[in-house]
Amino acid sequence: MPKRTDIKSILIIGSGPIVIGQACEFDYSGAQACKVLKAEGYKVILVNSNPATIMTDPELVDRTYVEPITPEFVEKIIAKERPDALLATIGGQTGLNTAVALAKEGVLDKYGVELIGCDIQAIERGEDRKLFNECMESIGLETARCGYAYAVADAENLVGELGFPVVLRPSFTLGGAGGGIAHDMEELREIVSQGLELSPANEVLVEESVLGWKEIEMEVMRDSAGNSITICSIENFDAMGVHTGDSITVAPAQTLSAAEYARVRDASHAIVAAVGVAAGGSNIQLAIHPENGRIIIIEMNPRVSRSSALASKATGFPIAKVSAKLAVGYTFDEIPNDITQIASAAFEPTIDYCVVKAPRFAFEKFEGTDTTLTTRMKAVGEVMSIGRTFEEAFAKAMRSLEDGRAGLGADGKDKFDEERFADLVGLPTQDRALYMAEALRRGWSVEQVSKASFVDPWFVARMADMIAVERGIAELPLAEIDADTMFIAKRFGLSDPQIAHLTNSSEADVRQHRKALGVVPTVKTVDTCAAAFATDTEYKYKCYEKGTSETTPKTRKRALILGAGPNRIGQGIEFDYCCVHASYALHDIGYETIMVNCNPETVSTDYDTSDKLYFEPLTFEDVMDIIDVEEPDGVVVTLGGQTPLKLARSLEAAGVNVMGTTPEAIDLAEDRDRFSAILDELGITYPQAGMASSFKEASRVAETIGFPLLVRPSYVLGGRGMAIVYDASQLEKYTADATKISPDHPVYLDRFLEGAIEVDVDALCDGEMVYVGGVLEHIEMAGIHSGDSACCMPPFSLSEAIVSQLRLITRRLALRLGVVGLINIQFAIKDTIIYVIEANPRASRTVPFVSKATGVALAKCGARIMAGEKIADMNLPDDEKRLSYYCVKEAVMPFGRFPGTDVVLGPEMRSTGEVMGIAPNFPAAYAKTQLAISYKLPEAGKVFLSVCDRDKRHIVAIARDVVRMGFTLLATAGTARTLQAAGIPVEEVKKVHETDSTIVNEIMSGEVSLMINTPLGNLTLDDGYYLRSLAVRHGISHVTTLAGAQALIAGMEAASGAGAGLEIKALQDLPGL
Amino acid sequence: MSKQSENLLAQTSSPLGARALLVLNNGAVFEGFAGGAYGEVFGEIRFDTSMIGYENVISDPANAGTIIAMTYPQIGNYGLNLGDIAEGKTDIVGFAIHSLCKTPSNWRSEISLSNFLLEQGVVVIEGIDTRMLTQNIRDHGNVFAAISTEDLDSASLIGRLQRRFGDAEPKVSATVPATAAAAPAPAAPAAAPTFAATAPATPVIPIAEGVE
């Protein structure tokens, strides 16, 4: 069937901010869908609240709405744009849930909008456990024995029949949020009561446990003619019981025989037909009993998913692109296969390599939370790697994680909990693969390791081979290793740093010796067809092979762009956005662009984003191997965050041309002594600072500078290990535990500017001229990590005089440092004095936000400057003109995923993503950000106030506003006294532990609709900590800073409820500068 | 391969077999190692792109008498259930792969693929770049090949292959008797415990003489 001509315009719903369980894979799929539908001639309207996405680039579609993805706002967009159709299957669970809500409320009918790709019944059959189980039964497939609980008592009854352990899954939640495995009554009660609260349907599925079974995923697509094809099979290394997002996974499936695979495949195709996926991609999860082959269907997602993004990257088959085409009526035979050009999309991809995905965690940021992996996803990112064998791919994945490890252990950084060693070989945690490897080193058999971990013996046997090779290498001096042996070591995945550790030599020596032996990697191609057809695709990976490389001769200048690696806290999609923009810009000015990255969720690793793609780890070894093959004219290291930046020096030393800002200039900004010297030279103020290698030294520094102090380890990203200390005893505690202070690892101590306003400036510099892209005023005061702080542009409280001073300092500093490209400077303003906190001569987290707000594509300009262009020739709008609207960026915190961790914002970054709100004034823009994170703005009820002494004076005005808006007040004794003194009616509440205290009940029953609790420093006030955690669990709005409270209350007034008072505006309609 | 590397691999589940050679009648040479029976086989070479399902490929009657190259690199991962193999036998004569798994894992597996191929007298070459091989077969059309653990002189092996099948227009593969590989083969050392006692002795030449 050809494409439909009865629909002219299509609304696409994106997935909103990056949260755990829903990351940038939906930008990847969404951007593909937007591009293809636009190319097909449809008018495309997009809504997504996440400014760091490629899909929200205004030139990509016709109408771009950076607005909250809530039924209320999407209805406003529908009313204004009147689209003919809605494509909801590429925006993750958020997109799907919003579409379901709109359909149920009759909005789609009211405006005559047709849901394409999947109908409501199919979505419900896919998502509602009960309907799904009935549907599976109707086609003769088994699901786990189960029942539904609508109250804790229901669950208790069900367990009587099923026995422990049971798997608990709340219906309709994201990434399995609120789910878990209960081994006893206590766990059952806890998880079920949480799950009931989280489930929009107040329903929790209680299921027989399939712990330890094999977990298989199938990516299947279906067209409107009822044809279905398999894109990819994926086998999980971690058995059932660990969320697939937290599992190491392998494609294709390794341990299924043809007969088993046929059953799995037939079942998958029957499922998409029975559920009724109209046209598009689906993901199906199955469990297979390892000893009798019994198959149980776990779940299916009738939409593109994290796994489909992975399957696309693993096979080269563009699932989202094809899904979008199928949704507008095409059938497989009408869609050409992009890569082979010969076959149609009906040709099922086949691969001749092994793909491994490994999750990236960030538990170190969430002290106090349980780090065991369960059915509730906790990973913040992932890496993918490609090798000719599992061994090669697995080892690559293990060194791609950006966690300081060079592979599967054996890198000098192994550290094991000896007391719990045996347990940790079996217990799923982020380190389990390392424990399994170590167990094999210590003489455990493959069977023992497999039995303890439930990991299939096949995988363990491969690991055992890797360990055997590792052991053999360790017995040889480097100089004696011959070419054949080196080749085998590489083929079994050992990295140069691992070989260096094993042979007691240096990475440089290993590399030199290896190259002298002629042992260099071979480049192979991802072509969807295992070389059955000739292709000219430029999607590459490295491997150690006897054959020849598939490379193309250089015909024009080449630029290598180093990506950002796995998403983690402090380094997310923003940097990928910058890399993608650089690739577009450099391509446009005549470069052949080559992207290197290992993150399968991103747009940068789409095979047609750059002229050539290497799916490889971002280590020195891997990058240099690519450079040896491709001989680029320049390498871009300043757009992918800290990952590529830290390679700058060594690449330069290896004779590579680093484009733009030189490694020397980078060092000038990063080395604190050299940077301070420059600030002194320019007469720029900065907070007094010192460095200490021991507590004694630290105390001396503290005496000179005075408290409070901001203390941090010398080399950090995302504020890791950073803290504010208010007195000597806190300083002692800090130096004693968290950071191992030593001469090699000194600690920095800065005067902490309490109550200062923080400002970020993003600018371009070409060595002659500076262009200030944006001045962003933070809402939270100094002391909150800039990544966790909301910010607003233009500044809402700074005077023109201050802003022009900020611009002046930016210009002088950028020129003095010798920046060629992008720079970000962080300022703090206290008592009208401007302090420079730090300067980063690279793309910052805020570049995409600033670009969306102003329409100036900063990353593209930065890349062009690196290639030698001048700002003066770029026709940029005047950078001093003030925006006529306000743009607010707010951080999205993952606290709901990490119960037990304190939610107070601090100098250590913990947010996973961001949203943007655009409005004519600051409160309205701020309110939009809150709604976009799907915080319900409190409308009525009680407000609980408990503030520290510092904030007592300022709470009065806030309290007055809250009372005026019709709320009643509860406050702790001290705060209540302040309010009573000001004549504000308030009810004093007793401490939690006091016998007749009612505050806990009032929070749990939902009477309290807003909690404002500002602790001072990092003193954990037991009550405060407990109440804040309670608020997170019960989804009650809570603020931990006074500035945040002010903004929220202004926003509540502007929004009047769910956003009735807020207007929508497309990016294309924003007045130009 | 060097003695040092052989010692290294001897510690893994896949010690190196004897040296083996795969040559094509268009002159391409692939050096690898024996993974099944020792000997020398000639026949049409075909590639198969199944990622799962080698048991179907080797038991497909249409593949009788041929040398099969698998494009997926790791073959034999889930072993073999003889019930999945028609008549419990294979009629392919040669098997060209990247690596052969000696430690399969699957609840239904009765025998490892490597032992099965050994029992069936299939001459296996592993450790070759099967992607490059596939590209060669794809680009040349009907290609004939020889795998040998006996004649490691590529010029000599290519010469004999070309005399048999020509270097441009290969003859039809039906002239290769399907029963050629029926004779039990001597074992490769350390590859199969059941045959470990038998040292490799007489070369197996499963191709009937007089094809030309």
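Residues numbered from 1 in each chain as written. Chains lettered and ligands numbered in written order. Predicted model: local features only at pLDDT ≥ 70, side-chain atom pairs only at ≥ 80, totals over all residues. Heavy atoms only, no water.

Observations concerning the overall build of chain A
Applicable threshold: Runs of E in the DSSP output that reach at least two residues are strands. Runs of H or I that reach at least four are helices, and both are numbered from the N terminus. Each radius of gyration reported is based on C-alpha atoms, and the globular scaling rule is 2.2 Å times the count of residues to the power 0.38. Per-residue accessibility, obtained with a 1.4 Å probe over protein chains only, is compared with the maximum for each type, and a residue is labelled buried under 20%, exposed over 50%, and partly exposed between these values. Here a residue-residue contact requires only that any non-hydrogen atoms of the pair lie within 4.5 Å.
Of the regular secondary structure elements, chain A holds 36 helices and 38 strands. At 28 Å, chain A has a C-alpha radius of gyration in line with the 31 Å of a compact globule built from 1073 residues. Projected onto its principal axes, the C-alpha coordinates of chain A cover approximately 80 × 65 × 65 Å. Taken over 1073 residues, chain A has a buried fraction of 66%. Sequence separation of 24 or more characterises 70% of the internal contacts of chain A that already satisfy a separation of 6 or more.

As for the side chain of B:Gln135
Its place among the elements puts B:Gln135 in helix 4 (residues 130–140). We classify B:Gln135 as buried; its relative accessible area is 15%. Once residues lying within four places of it in the same chain are set aside, the contact partners of B:Gln135 are A:Ala531 and A:Glu550.

Some points on the interface of chain A and chain B
Formally: Salt bridges, as used here, are contacts in which a Lys or Arg side-chain nitrogen is within 4 Å of a carboxyl oxygen on Asp or Glu. Classification used: nonpolar for Ala, Val, Leu, Ile, Met, Phe, Trp, Tyr, Cys and Pro, charged for Asp, Glu, Lys and Arg, polar for all others including Gly.
Counting residues at the interface gives 59 residues for chain A, matched by 40 residues for chain B. The interface formed by chain A and chain B includes 5 salt bridges. Two residues, B:Arg131 and A:Asp527, come together in a salt bridge whose shortest N-O distance is 3.0 Å. For the side of chain A that touches chain B, the secondary structure elements donating two or more residues are helix 9 (258–275), helix 12 (390–400), helix 16 (457–474), helix 17 (483–491) and strand 17 (522–525) of chain A. Per-element accounting of the side of chain A that touches chain B gives the leading share, 9 residues, to helix 16 of chain A. Considered class by class, the residues forming the side of chain A that touches chain B number 28 nonpolar, 14 polar and 17 charged.

What to know about the nonpolar core
Put simply, the rule reads: As used in this record, nonpolar core signifies buried Ala, Val, Leu, Ile, Met, Phe, Trp, Tyr and Cys residues forming a set joined through side-chain atoms within 4.5 Å.
By size, the foremost hydrophobic cluster in this structure holds 267 residues, and its most contacted members are A:Ile10, A:Ile12, A:Leu37, A:Phe394, A:Leu979, A:Ile1012 and B:Phe95. No other element matches helix 16 of chain A, which puts 9 residues into this core. Contacts of A:Ile1012, omitting those with residues within four sequence positions, involve A:Val943, A:Phe944, A:Leu945, A:Ser946, A:Val947, A:Ile955, A:Ile958, A:Val1039, A:Ala1045 and A:Ile1049. By size, the runner-up hydrophobic cluster in this structure holds 30 residues, among which are A:Ile678, A:Val770, A:Leu817 and A:Val819.

A closer look at the packing of helix 2 (residues 71–81) of chain A against helix 3 (residues 92–104) of chain A
All names here are of chain A. Applicable threshold: To get an axis, a line is fitted to the C-alpha atoms, and for a helix only the part in contact is used. The angle between two axes follows their N-to-C directions and goes from 0 to 180 degrees. Any angle between 65 and 115 degrees counts as roughly perpendicular, while under 35 counts as roughly parallel, over 145 as roughly antiparallel, and the rest as oblique.
Between helix 2 and helix 3, whose axes approach to 10 Å, the crossing angle comes to 70°. Between helix 2 and helix 3, the crossing angle belongs to the class labelled roughly perpendicular. For the pair formed by helix 2 and helix 3, the contact residues are Pro71, Val74, Glu75 and Ile78 on the first element and Thr98, Ala101 and Leu102 on the second. Its residues assigned to classes, the contact of helix 2 with helix 3 comprises 5 nonpolar, 1 polar and 1 charged.

Topic: the side chain of B:His98
Our working definition: Within 3.5 Å is the distance limit for a polar contact, defined as a pair of N or O atoms, with the added protein rule that one can donate a hydrogen and the other accept it, and that residues adjacent in sequence qualify only through two side-chain atoms.
Its place among the elements puts B:His98 in the loop between strand 6 (94–96) and strand 7 (99–100). Judged by relative accessible area, B:His98 falls into the buried class, the value being 2%. At 3.4 Å, the side chain of B:His98 and the side chain of A:Arg491 are in polar contact.

As for the sheet that holds strand 32 (residues 886–892) of chain A
Residues and elements named next belong to chain A. For clarity, the threshold we go by: Should DSSP find at least two bridges between two strands, the strands are regarded as paired.
Strand order across the open sheet formed by 7 strands is 31-30-27-28-29-32-33, with antiparallel pairing between neighbours. Of all strands in the sheet, those bounded by a partner on one side alone are strand 31 (833–840) and strand 33 (913–919). The mean inter-strand angle of the sheet, taken between neighbouring strand axes irrespective of direction, is 25°. Examined bridge by bridge, strand 30 (residues 821–830) and strand 31 share 7 bridges and lie antiparallel to one another. Residue pairing in the sheet places Ala828 in a bridge with Tyr835 of strand 31. Packed on one face of the sheet, helix 28 (residues 800–817) meets strand 27 (757–765), strand 28 (770–781), strand 30 and strand 31 and runs near 135° to strand 30.

Section: the packing of aromatic side chains
All names here are of chain A. The line we're drawing: Under the pairing criterion, centres of Phe, Tyr and Trp rings, with the six-membered ring standing for Trp, must be within 6.5 Å; the plane angle then separates stacked pairs below 30 degrees from edge-to-face pairs above 60, leaving the rest tilted. Note on criteria: charge over ring means Lys NZ or Arg CZ within 6 Å of the ring centre, with the direction from the centre no more than 35 degrees off the ring normal.
Under the definition given, this model contains 20 aromatic pairs over all chains. One aromatic cluster is present, formed by Phe237, Phe390, Phe394, Trp458 and Phe459 through successive ring pairs. Above the ring of Trp458, the side-chain terminus of Arg462 is found at 5.0 Å from the ring centroid.

A look at helix 6 (residues 129–138) of chain A
All names here are of chain A. Cut-off, in case you're wondering: To be clear, the arc concerns the directions from the helix axis to the C-beta atoms.
Residues of helix 6 that are buried include every one of Arg129, Phe132, Asn133, Cys135 and Met136, and no others. Viewed end-on, helix 6 has its buried residues packed into an arc of 160°, placing them on one side of the element. For helix 6, the exposed residues lying more than 90 degrees away from the buried face are Glu137 and Ser138. Next to the buried residues of helix 6 lie helix 5 (120–127), strand 6 (146–149), strand 7 (166–170), strand 9 (204–208), helix 9 and strand 14 (295–301).

A few points about a negative patch on the surface
Selection rule: Patch members must show over 30% relative accessible area and no salt bridge, and they are joined within 9 Å when carrying like charges or within 5 Å when they are nonpolar side chains of Val, Leu, Ile, Met, Phe, Trp or Tyr. Methods summary: accessible areas were calculated by the Shrake-Rupley approach with a probe of 1.4 Å, and residue burial reflects only the protein chains presented. Positive charges come from Lys and Arg alone, negative charges from Asp and Glu alone, with His and the N- and C-terminal ends not counted. Throughout, a charge is located at the NZ atom of Lys, the CZ atom of Arg, the CG atom of Asp or the CD atom of Glu.
Taken together, the side chains of A:Asp184, A:Glu186, A:Glu187 and A:Glu190 present a region of like negative charge at the surface. Tracing the backbone through its elements, the reader meets A:Glu187 in helix 8 (residues 185–198).

Remarks on helix 5 of chain A
All names here are of chain A. Counting buried residues along helix 5, 6 of its 8 residues qualify, which places the element largely inside the surrounding structure. Regarding helix 5, the residues found buried are Ile120, Ala122, Ile123, Glu124, Gly126 and Glu127. On its buried side, helix 5 packs onto helix 3, strand 5 (114–116), helix 6, helix 9 and strand 14.

Looking at the pairing of strand 18 (residues 539–543) of chain A
Residue and element names in this part refer to chain A. For strand 18, the buried fraction is high: 5 of the 5 residues fall into the buried class. Side chains Tyr539, Tyr541 and Cys543 project from strand 18 onto one buried face, and the interleaved Lys540 and Lys542 project onto a second face that is buried too. Looking at chain direction, strand 17 and strand 18 are connected through 4 bridges and run antiparallel. Its bridge partner being in strand 18, Thr525 is matched across the sheet by Lys540. Note that strand 18 and strand 21 (residues 612–615) share 2 bridges and pair parallel. Each bridged residue has a counterpart across the sheet, and for Lys540 the counterpart in strand 21 is Tyr614.

Section: the environment of A:Gly316
Residue and element names in this part refer to chain A. With respect to the helices and strands, Gly316 occurs in the loop between helix 10 (306–315) and helix 11 (319–327). Assessed through its relative accessible area of 2%, Gly316 is described here as buried. Setting aside chain neighbours within four positions, we find Gly316 in contact with Ala311, Ile339, Val526, Thr528, Tyr539 and Tyr607.

Details of the packing of helix 32 (residues 949–964) of chain A against helix 33 (residues 973–981) of chain A
All names here are of chain A. For clarity, the cut-off: Handedness of a helix crossing follows the sense of rotation of the near helix relative to the far helix, less than a right angle counterclockwise being left-handed and clockwise being right-handed.
Across the interface, helix 32 lies against helix 33 with an axial gap of 9 Å and an inter-helix angle of 65°. Between helix 32 and helix 33 lies a crossing whose hand is right-handed. Seen from helix 32, the contacting residues are Lys952, Ile955, Val956 and Ala959; seen from helix 33, they are Gly974, Thr975, Thr978 and Leu979. Its residues placed into classes, the contact of helix 32 with helix 33 shows 4 nonpolar, 3 polar and 1 charged.

Considerations on the pattern of salt bridges
Residues and elements named next belong to chain A. On inspection of all chains with the given rule, the structure shows 96 salt bridges over all chains. For Glu545, the salt bridge identified is with Arg491, shortest N-O distance 3.2 Å. Of this pair, Glu545 sits in the loop between strand 18 and strand 19 (558–562) while Arg491 sits in helix 17, and the two are 54 residues apart along the sequence. Each member of the pair, Glu545 as well as Arg491, is classed as buried. A salt bridge links Asp667 to Arg649; the nearest nitrogen and oxygen atoms lie 3.8 Å apart. Of this pair, Asp667 sits in helix 24 (residues 663–670) while Arg649 sits in helix 23 (residues 648–653), placing them 18 residues apart in sequence. Residue classification places Asp667 among the partly exposed positions, given a relative accessible area of 25%.

Regarding the environment of A:Ile684
All names here are of chain A. You can see Ile684 is positioned in the loop between helix 25 (672–682) and strand 23 (689–692). For the pair formed by Ile684 and Val836, sequence separation is 152 residues and the distance between their alpha carbons is 7.3 Å. When sequence neighbours within four positions are dropped, the list of residues in contact with Ile684 reads Leu679, Ile809, Arg812, Leu813 and Val836.

Read these as spatial facts, not as claims about activity.
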